[in-house]
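Overview (structure and organization)
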Amino acid sequence: MVESFLGDEFHLPPKNPSDEALRNWRKACTLVINSSRRFRHVADLDKRIIHQARFSKIQESLRVSFYTVRAALLFMDGAHLENHQTPDAKASDIRNNPDNLASMVQNYRIKSLRSLGGVDGIAKAVDVSIDEGIKSSDLSVRQDTYGENKYTEKPSKSFFMFVWEALHDLTLIILIVCAVVSIGVGLATEGFPDGIYDGLGILLSILLVVTVTAVSDYRQSLQFKDLDKEKKKISCHVTRDGIRKKVSIYDLVVGDVVHLSIGDQVPADGIFISGYSLLIDESSLTGESRAVHVDETKPFLLGGTKVQDGSAKMLIAAVGMRTEWGKLMETLSEEGETETPLQVKLNGVATIIGKIGLIFAVLTFLVLTVRFLIEKAMRQELSSWNSSDALTMLDYFATAVTIIVVAVPEGLPLAVTLSLAFAMKKLMNDKALVRHLSACETMGSSTNICTDKTGTLTTNHMIVDKIFVSDKKKDVNAPSELPENVSKVLLQCIFECTNSEVVKGQDGKTSILGTPTESAILEYGLHIGGDFGTVRSEIKLLKMEPFNSAKKRMSVLTELPGGQIRAFCKGASEIVLKMCDKYLDGSGESVVMSEEKVRFITGVINEFAANALRTLCLAYVDVESGFDMKKELPDCGYTLVAVVGIKDPVRPGVREAVETCLAAGITVRMVTGDNINTARAIAKECGILTEGGLAIEGPVFRAKSEDEKREIAPKIQVMARSSPTDKLKLVEHLRGLSEVVAVTGDGTNDAPALHESDIGFAMGIAGTEVAKEQADVIVMDDDFATIVKVAKWGRAVYINIQKFVQFQLTVNIVALMINFVSACITGSAPLTAVQLLWVNLIMDTLGALALATEPPNDGLMNRQPVKRTESFITKTMWRNIIGQSIYQMAILFVLNFAGKPILNLEGDNSTAVLNTFIFNTFVFCQVFNEVNSRDIHKINVFSGMFSSWVFVGVMVSTVVFQVIIVEFLGTFASTVPLDWELWVLSVVIGFVSMPIAIVLKCIPVEKKPLNKPVVMKQHDGYDIIPEGP
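This structure is a prediction, so every number in the text was calculated from the model and none was measured.

1. Quick look at the overall build of the protein
Scanning the protein for helices and strands turns up 37 helices and 26 strands. Taken along its principal axes, the extent of the C-alpha atoms in the protein is 120 × 75 × 55 Å. The proportion of buried residues among the 1029 residues of the protein is 56%. A sequence separation of at least 24 residues applies to 74% of the contacts in the protein between residues at least 6 apart.

Following this line, the structure appears as structure tokens:
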């Protein structure tokens, strides 16, 4: 109803809205009584433009500088002008001189580096061994000498800043002025202390409102600060004390030896030590998307850049604010989170309701003033004015202003922030780090989850279970002997064709550092008696082509002890098998692979895959000496060594989580790079692939036309051997069908799909920094069940805000109508300024705390997702709001106009008692209606109430403070103590709203059922989403 009056500017795109769209809705918010508070948690567009301009200027400067330096280097190399450079650098120039060292890296001073003896000379100058790394005991000394790897940050706001912001409320400022004037006039007419009570009461009420508001806002800021710290947590691998270990990038110091791999962020400025095919994306620094090769000839690496391909070791040369990245980070400040669609929509609703409230406030003031003037005229006192008349007019004005305070629901959009902040804090405890507020909100409407298999649906704790080697299938646990020549080649392939390492800890125990797949194969190599260190020391590594999702294989070129050049390859079984034309037979001889043998080995691969094993092939090819290192490694002529079947068990609870998704109307699709048979087996075990469901390979999907892709996209339950492009296309087609799509990803190439999806989930353990940067949520335990928790909390946020809106609108309507109608008929407002301020506190800050922070219940996942086009304030909510408003207004009007005879009130203070009773009854109606609002649809509103300590705490606090106001603060709040009968009657009248709520909930208003029957099967197509939440 109210939402139908909202303009298009209040309908914000759910992801990546334009600055123009953000500006348009702000302009449309014409009635805001405290902009600094209302817009605190939205983006400051002016600041954003200033910082973006500054950031772009620095980027452009860096880009020009880099191109100039590189052009000069090319010219010097071409013209052989090395001897005409600046004087040679000395070790003393950089030892204990961090600025000189940083300058050398940032200005690409190759000549200075070479004159110092290259990276080895730099390591010597900063007193570090490249093989052993720094000593942990030297950390503090190095931090003092060379600085910490931290950036300058804007200090957080203190509590008193939030108090100051709360005092910027225009209506509160007006009320403060009114209170001060009231005290001044009161002292002149009534003396001290009687003359100060009315004004002091308003001031104390304002103090209470400001304090509670500031405490709530300050706590929110602390939650966001904690979340921000979590977002910035990035780890990297270093060699320290001779051991490879994982540390935070903020603990890095100059001299650290850092290991880089695909998807990593370069943590600080440094110098290339060794590596293979290292490709660096410098777009974060320069804005240029062109990747740069880094090797011994171009050895400098800059912090903040990303590893696009390859792997390497680097020596840290500059950290923190001495890096270019640190200087860029300094230009960024807290511009605020981009607002969510629900925040914007509720800002629009608040604006409309505020305008209505303003009209009622003006009319109330005019009616009271006109009646007062008419009464003075009838007494022929129109020309005679005294201080008492001035106080009366001031009270009328204060009442009108307070009506605006109550009528403008500033708490509506802020309740969204409060609820999202609460949900994000709880989700962090549940191992989900929400990077963007809107993601939590959007997840409540998700209809599809496209999930990876490895590590998300499975445990990612891999072991080699079966192997085909020497022309035989073998169970790893069964004792068996391999021919010596087969064992030798197999171990060479396992230990050389890997990016991982076998290391010994300080306790002497052997551990493997690397991906779960490589760790499983290395563990098997150790299991059959291999010695990682011995094999690696005997064989020289010449070139490496790291695994990537496009080739689905990894290759290395090596020189064997006898001088033979040999390439090893490891990768997706069917892809590597096609590269092989020979295999090692039972005696370990390399023999030609016939078509029949290819079919046999393919059958072995399918057999392993059907048992849910991940299959990889290991192969080798001997290469002629003089191989051109600039060329790619061979892709044919290999000899198959082994087919490995790796077991990766399904995570406990995944099947139940998938069933929960199906019950909630969320379709789960597995998108994996694994063999189709492995993918089918795992998908069936998880409950994803059902009878009649479509399992398809990425290349098959890729080959179809756009129309065919659009037609089959809704039917796909499993996509195997998929590339990141296939995942992206699937997401695009599903979104084209107006579906809300969540996507998981861990690799660098998953970034486009994560960006394109409605909600991107990056894996916290297996995920690269590039993937995490593009994601909306980071799943810190890589568990699919955690994604389901995010969906549940997303729905809880939506429902909680609906509860709060229903409660607040009821209070708004009743407070406005009772004061306005009473002013028109009796010439006085039964609720004073102080009382209305207390009511505003109940329905705004305290109401939001009580209703917007309730934890989710399991029933939320038995409903269908809410459509984005669904009206937020539903017909069911309007039924409850109107029904409760009619009841409350009927009671209060009867009491206001006929309360004295009904209650048998007599005497001089009968009016004061009646007004106090009306105020007390009104508050208890809100207390019980707040309980009613805990569930918009169901009759049982007590379910889980006592497990929500925030709700119970707010309820108890409200009742206790109401007793204090009525019984002890009457002088300030214009109340008088009530006897126990009137207290009981107030509570009973408030309680009656609960059976009325039961009756109201039995009145059908929705055209369609709220809950569809739960069908425990996957969707072949798309059902119409019902009209209710």
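2. Examining the nonpolar core
Core analysis: the biggest nonpolar cluster contains 169 residues, and Leu175, Leu346, Met443, Phe761, Phe784, Ile801 and Val805 have the highest contact counts within it. Broken down by element, this core gets its largest block of residues, 22 residues, from helix α30 (residues 784-826). Here Phe761 is in contact with Met443, Ala742, Val743, Thr744, Gly745, Leu754, Ala775, Val777, Val779, Ile787 and Val790, once residues within four sequence places are set aside. Grouped together as the second largest cluster of nonpolar side chains are 53 residues, Ala123, Val254, Ile273 and Leu315 included.

3. Brief notes about the packing of aromatic side chains
According to the stated counting rule, one finds 15 aromatic pairs in the structure shown. Seen from their ring centres, Phe162 and Tyr218 are 5.8 Å apart, and the 65° between their planes marks the pair as edge-to-face. Of this pair, Phe162 sits in helix α9 (residues 159-166) while Tyr218 sits in helix α11 (residues 197-231), placing them 56 residues apart in sequence. Measuring from ring centre to ring centre gives 5.9 Å for Phe365 and Phe397, while their planes differ by 80°; the resulting arrangement is edge-to-face. Here Phe365 is found in helix α14 (residues 341-378), whereas its partner Phe397 is found in helix α15 (residues 387-407), with 32 residues between them in sequence. Put simply, the rings of Phe159, Phe160, Phe162 and Tyr218 touch in pairs and so form one group of aromatic residues. Directly above the aromatic system of Phe951 lies the positively charged group of Arg934, at a separation of 5.4 Å from the ring centroid.

4. Quick look at a nonpolar patch on the surface
Taken together, the side chains of Leu358, Ile359, Val362, Leu363 and Leu366 define a hydrophobic patch exposed on the protein surface, amounting to about 400 Å² of accessible area. Overall, the relative accessible area of 51% leaves Ile359 in the exposed class.

5. A short note on unusual backbone geometry
With glycine set apart, most residues show a phi of negative sign, and most peptide bonds adopt trans. Unlike most non-glycine residues, Ser738 shows phi in positive territory, near 65°. Within the secondary structure layout, Ser738 lies in the loop between α27 (724-736) and β24 (741-745). A positive phi angle is found at Ser974, which is not glycine, with a value near 60°. The partly exposed category is assigned to Ser974, whose relative accessible area is 37%.

6. Observations regarding the packing of helix α22 (residues 595-610) against helix α24 (residues 676-686)
α24 packs onto α22 with a crossing angle of 15° between their chain directions and a minimal axis gap of 7 Å. Considered as vectors, α22 and α24 are oriented roughly parallel to each other. The crossing of α22 and α24 is right-handed. Of the residues in α24, those in contact with Asn606, Ala609 and Ala610 of α22 are Asn677, Thr678 and Ala681. Split by residue class, the contact of α22 with α24 holds three nonpolar, three polar and no charged.

7. Here's the deal with the confidence of the model for the protein
Model confidence for the protein is summarised by a mean pLDDT of 84, while 91% of its residues fall at 70 or above. Below a pLDDT of 50 lies the segment residues 81-86, which in the model reaches eight contacts outside its immediate sequence neighbourhood of four places, other chains included. For the stretch residues 1019-1029, pLDDT sits under 50, and the model shows 42 contacts to residues farther than four places along the chain or on other chains.

8. Thoughts on the pattern of salt bridges
Within the structure shown, the criterion is met by 32 salt bridges. With a closest N to O distance of 2.6 Å, Glu165 and Lys157 form a salt bridge. Exposure remark for Glu165: the relative accessible area of 10% places this residue in the buried category. The partly exposed category is assigned to Lys157, whose relative accessible area is 37%. Here Lys597 and Asp471 are joined by a salt bridge, their closest N and O atoms 2.8 Å apart. With Lys597 in helix α22 and Asp471 in the loop between β10 (463-469) and β11 (472-475), this residue pair connects regions lying 126 residues apart in the sequence. Among the ionic contacts, a cluster of salt bridges with common partners joins Asp452, Lys727 and Asp750.

Calculation notes
Residues numbered from 1 in each chain as written. Predicted model: local features only at pLDDT ≥ 70, side-chain atom pairs only at ≥ 80, totals over all residues. Heavy atoms only, no water. Helix = DSSP H or I, 4+ residues; strand = E, 2+ residues; numbered from the N terminus. Buried < 20%, exposed > 50% of the residue type's maximum accessible area, 1.4 Å probe, protein only. Contact = heavy atoms within 4.5 Å. Core = buried A, V, L, I, M, F, W, Y, C linked by side-chain atoms within 4.5 Å. Phe/Tyr/Trp six-rings, centres within 6.5 Å; stacked < 30°, edge-to-face > 60°. Lys NZ or Arg CZ within 6 Å of the ring centre and 35° of its normal. Patch = residues over 30% accessible without salt bridge, like charges linked within 9 Å, V, L, I, M, F, W, Y side chains within 5 Å. Areas by Shrake-Rupley, 256 points an atom, 1.4 Å probe, with all protein chains shown as cover. Salt bridge = Lys/Arg side-chain N within 4 Å of Asp/Glu carboxyl O. Axes fitted to C-alpha atoms, helices over the stretch in contact; angles between N-to-C directions. Parallel < 35°, antiparallel > 145°, perpendicular 65-115°, else oblique. Left-handed = near helix turned anticlockwise from the far one by under 90°. Nonpolar A, V, L, I, M, F, W, Y, C, P; charged D, E, K, R; others polar. pLDDT = per-residue confidence, 0-100.

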